[in-house]
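Listed here are the chains, written in short residue letters.
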Amino acid sequence: MRIPVVLALAVLSPLAAAAAQSGGVGTSAPRARTTDGLVQGVTAPSGVRMFRGIPFAAPPVRELRWRPPQPAVRWTGVRPADRFANQCMQARVFGDMMFRNAGVSEDCLYLNVWAPAAAARPNAGLPVLVYFYGGGFVAGDGSEPRYDGESMARQGIVVVTLSYRLGIFGFFSHPELSAESPAHASGNYALMDQTAALRWVRDNIAAFGGDPHRVTIGGESAGSFSVSAQMASPLAQGLFARAIGESGAFFSRTISTPARTETEQRGAEFARSVGAPSLAALRALSATELLEASGRPGAARFGPNVDGYFFSQVPAEIFAAGRQAHVPLLAGWNSEEMSARALLPDGATPATTEALLTRVFKDRAADAAKVFPAGTTEEAVQSATDLASDQFIGYSTWKWLDVQARTGGQPVYRYFYAHPRPPLVPAMGDARPGLAGGIERGTGAAPQPPARGAVHSAEIEYALGNLPLNHVFAWTPDDHTVSATMQRYFANFITTGDPNGGGLPHWPVGAVSPDGQAMRMRIDVESRAEPEPRARYLFLDQVFARATP
């Protein structure tokens, strides 16, 4: 999920840029009292009150590096909350990220709140969205314009974004860390950061007009994996009432959850490789040294594990046993999460796609051909696109929805986002769309054909109402129509637990019917309910499920 970055996707609007530089817009200075002290934000011309850079945990530095998040230090007086805090330590690895802060730091556990004008008084009882960013658990930040909360706040929702530790800082596991832990666990600090932010929301969001009992967690890609993680962890139980997932869940090998013993060994080997064989020596290294060492070619990669604390067992097993959070779930994926070129760089034809199915499915190739037909070149290209997308992230999201529908005791709403983004604006010159939603420039490579569908991450600005903050694409009236539809569906679900509302095509509950069918909402210019291609996913389930870590 790591893609070289050569160009940021989102360009700040003049308003957002001014806010990033000056700390905000508007003339009033709203205040809110948190359990740690008084904060003062800014008010946008829309009336939305914005609070940026509020600490929800202590800086995870020095002896707090690789420990669960600790309580924030309380302050006296009024703390300015008028600008985004630094993003967590990371390299620039994705082409669709633009940050609205000064840079990276290990001191990064801060959150941002957008509160509607109607929430000017405490305890207004408004619904809350807590959104986790994507980035493969190696990059991303709550300050990115595509996650901006002002548009959703204008829908009457209190929005929270946050930063959580990434890469080696968020997931490093080592025998000495497990030995010093009261829970005898190490790793998963990033996921614990998210849970700490949810506890902060429980304890403080009423001061911003939100209802702590009406919290929805949402996220895209690694953020969607995070939603499934919070649903599976006993540490987060009771901290949210609804969940939204966009492309991804812990039911796949894209981001796996190996055992703690395996990740401890990997951590010990890394420590030896950098000449820091003890935990004390590792903590003595600077954050920059750790980031650089962990990014070297061939260096170990650190991600979630089954630590016996945040995860009691593999998340898929937790869901299968019905021990996850029993909350309504709205989730789905995009029509071109990954291009056919990822599997067939020289092009998909009936012959190459048939060979691909044989290579992937071996003795089940004939069965695969029934759900990935390749009788014509058009069928071959589409089937290769579908298979690449399913292997990457589509299947895991389907499996999450399917298991939640069977064991979660609450409605599930399935979607399939199919609207392609428009071309880049002419000012982008030789830039071109890259894999998984990124942008590439100056590569010298031959132009690629346009995407067949909605690429990975393409829906974020549409769902959160943030097309105006992205100046890279030449948005059309159709794009704004799709955004209005998707945002209303999301806002309805956040508010009531049901995406349906006046003027929208009916979105049926995605439970499996007695005849084996399940319905999903196809989101496009003309959105409509349709049967999901269940035979395809049941086949993939037979092949993939046993191999899921």
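Each value, and the rule that gives it
Residues numbered from 1 in each chain as written. Predicted model: local features only at pLDDT ≥ 70, side-chain atom pairs only at ≥ 80, totals over all residues. Heavy atoms only, no water. 1 Å grid on protein atoms, 1.4 Å probe; cavity = no way out; pocket = protein on both sides within 12 Å on 5 of 7 lines; lining within 4 Å. Points joined across faces, edges and corners; volume = space filled by probe spheres on them. Helix = DSSP H or I, 4+ residues; strand = E, 2+ residues; numbered from the N terminus. Nonpolar A, V, L, I, M, F, W, Y, C, P; charged D, E, K, R; others polar. Pairing = 2+ DSSP bridges. Contact = heavy atoms within 4.5 Å. Axes fitted to C-alpha atoms, helices over the stretch in contact; angles between N-to-C directions. Disulfide = S-S within 2.5 Å. Buried < 20%, exposed > 50% of the residue type's maximum accessible area, 1.4 Å probe, protein only. Phe/Tyr/Trp six-rings, centres within 6.5 Å; stacked < 30°, edge-to-face > 60°. Parallel < 35°, antiparallel > 145°, perpendicular 65-115°, else oblique. Left-handed = near helix turned anticlockwise from the far one by under 90°. Core = buried A, V, L, I, M, F, W, Y, C linked by side-chain atoms within 4.5 Å. Expected span 1.5 Å × (residues − 1). Arc of directions from axis to C-beta. Salt bridge = Lys/Arg side-chain N within 4 Å of Asp/Glu carboxyl O.

## Here we look at empty space enclosed by the protein
Across all of its chains, the model carries three cavities of 30 Å³ or more by this definition. Here the second largest cavity defines a volume of roughly 50 Å³. If you trace the second largest cavity, you find it lined by Phe 84, Ala 85, Asn 86, Tyr 110, Leu 111, Asn 112, Asp 141, Ser 143, Leu 162 and Ser 163. Ranked by residue count, the leading element in the lining of the second largest cavity is strand E6 (residues 110–115), at three residues. In the lining of the second largest cavity, the residues fall into five nonpolar, four polar and one charged.

## Quick notes on the sheet that holds strand E8 (residues 158–162)
In space, the eleven strands of this open sheet follow the order E3-E4-E6-E8-E7-E9-E10-E11-E12-E15-E16, with mixed pairing throughout. Two strands bound the open sheet, and with one partner strand each, they are strand E3 (42–43) and strand E16 (528–531). Of the strand pairs in this sheet, strand E15 (residues 519–523) and E16 are connected by four bridges, and their pairing is antiparallel. Along E16, the bridge assignment pairs Met 519 with Pro 531. Lying on the sheet, helix H6 (residues 222–232) is in contact with strand E7 (126–132), strand E9 (210–220), strand E10 (242–246) and strand E11 (329–334); it crosses E9 at an angle near 130 degrees.

## Quick look at the state of the cysteines
For the structure on display, the rule yields one disulfide. Each disulfide pairs two cysteine sulfurs, and for Cys 88 the partner residue is Cys 108, the sulfurs being separated by 2.1 Å. Across the disulfide from Cys 88 to Cys 108, rotation about the S-S bond amounts to roughly 90 degrees, and the bridge is consequently right-handed. With Cys 88 in the loop between strand E5 (78–80) and E6 and Cys 108 in the loop between E5 and E6, this pair connects stretches of sequence that are 20 residues apart.

## Observations concerning unusual backbone geometry
We note that Phe 137 has phi near 60 degrees; this positive angle belongs to a residue other than glycine. Positionally, Phe 137 belongs in the loop between E7 and helix H2 (150–153). When its relative accessible area of 2% is taken as the criterion, Phe 137 is described as buried.

## A closer look at the packing of aromatic side chains
Enumeration according to the criterion identifies 31 aromatic pairs in this entry. Seen in terms of ring centroids, Phe 51 and Phe 208 are 4.9 Å apart; in terms of plane orientation they differ by 85 degrees. Their pairing is edge-to-face. Pair noted here: Phe 51 is in strand E4 (residues 49–55) and Phe 208 is in the loop between helix H5 (189–204) and E9, with a separation of 157 residues, a long-range link. Taken as a pair, Phe 51 and Phe 208 share a single burial class, namely buried. Judged by centre distance (6.3 Å) and plane angle (45 degrees), the ring pair of Phe 84 and Trp 114 falls under tilted. Here Phe 84, found in the loop between E5 and E6, pairs with Trp 114, found in strand E6; they are 30 residues apart in sequence, far enough to count as distant.

## A word on the environment of Gly 136
In this structure, Gly 136 sits in the loop between E7 and H2. Note on Gly 136: relative accessible area 17%, which makes it buried. Sequence-wise, Gly 136 and Gly 167 are 31 residues apart; in three dimensions their C-alpha atoms are separated by 8.9 Å.

## Describing the packing of H6 against helix H13 (residues 377–407)
It is the contact of H6 with H13, at a shortest axis distance of 12 Å, that shows an interaxial angle of 30 degrees. One way to sum up the angle between H6 and H13 is to call them roughly parallel. Crossing angle aside, the handedness with which H6 passes H13 is left-handed. Residues Ser 224, Phe 225, Val 227, Ser 228 and Met 231 of H6 lie in contact with H13, whose contacting residues are Ile 393, Trp 400 and Gln 404. When grouped by side-chain class, the residues that make up the contact of H6 with H13 number five nonpolar, three polar and no charged.

## A word on the packing of H5 against H6
Relative orientation and spacing of two packed helices are given, respectively, by the angle between their axes and the distance between those axes. Two elements in contact, H5 and H6, have axes whose closest approach is 10 Å; the angle formed by their N-to-C orientations is 70 degrees. For the element pair H5 / H6, the angle class is roughly perpendicular. Touching Leu 191, Gln 194, Thr 195 and Leu 198 of H5 are Ser 226, Ala 229 and Gln 230, all from H6. For the contact of H5 with H6, the per-class residue count stands at three nonpolar, four polar and no charged.

## Considerations on the nonpolar core
With 152 residues, the main nonpolar core has Val 130, Phe 208, Met 231 and Phe 240 as its most contacted residues. Looking at which element gives the most residues to this core, the answer is H13, with ten residues. Counting six residues, the second-largest nonpolar core is a separate cluster that includes Phe 94, Met 97, Phe 99 and Ala 139.

## Considerations on the environment of Phe 310
As for its placement among the helices and strands, Phe 310 is situated in the loop between helix H9 (287–294) and helix H10 (315–320). For the pair Phe 310 and Ala 185, spaced 125 residues apart in the sequence, the C-alpha separation amounts to 8.6 Å. Ignoring sequence-local partners within four residues, the contact set of Phe 310 consists of Asn 188, Leu 191, Met 192, Thr 195, Ala 229, Gln 230, Ser 233, Pro 234 and Leu 235.

## Section: the pairing of E4
Remember that side chains alternate between the two faces of the sheet whenever the strand is regular. The element E4 is largely enclosed, with a buried count of seven among its seven residues. Relative to E6, E4 runs antiparallel, the two sharing five bridges. Bridging from a neighbouring strand, Pro 55 pairs with Tyr 110 of E6.

## Structural notes on H5
A rise of 1.5 Å per residue sets the reference length of H5, with its 16 residues, at 22 Å; its end C-alpha atoms lie 22 Å apart and thus fit the reference within 8%. For H5, the tally of buried residues reaches 13 of 16 residues, placing the bulk of the element in the interior.

## Considerations on H9
Inspection of H9 places Ala 287, Leu 290, Ala 293 and Ser 294 among the buried residues, and these make up the whole buried set. One side of H9 carries all its buried residues, which in axial view fall inside an arc of 135 degrees. Of the surrounding elements, those touching the buried residues of H9 are helix H3 (167–171), helix H7 (260–273) and helix H8 (279–284).

## Some words on the pattern of salt bridges
Per the counting criterion, the structure on display carries 29 salt bridges. The residue Arg 100 makes a salt bridge to Asp 148 at a minimum N-O spacing of 2.8 Å. Residue Arg 100 is located in the loop between E5 and E6, and its partner Asp 148 is located in the loop between E7 and H2; the two are separated by 48 residues in the primary sequence. Relative accessible area serves as the criterion here: at 9%, Asp 148 is assigned to the buried category. A salt bridge links Arg 146 to Glu 144; its shortest N-O distance comes to 2.9 Å. A single network of salt bridges, built from pairs that share partners, joins Glu 63, Arg 67, Glu 180 and Arg 283.

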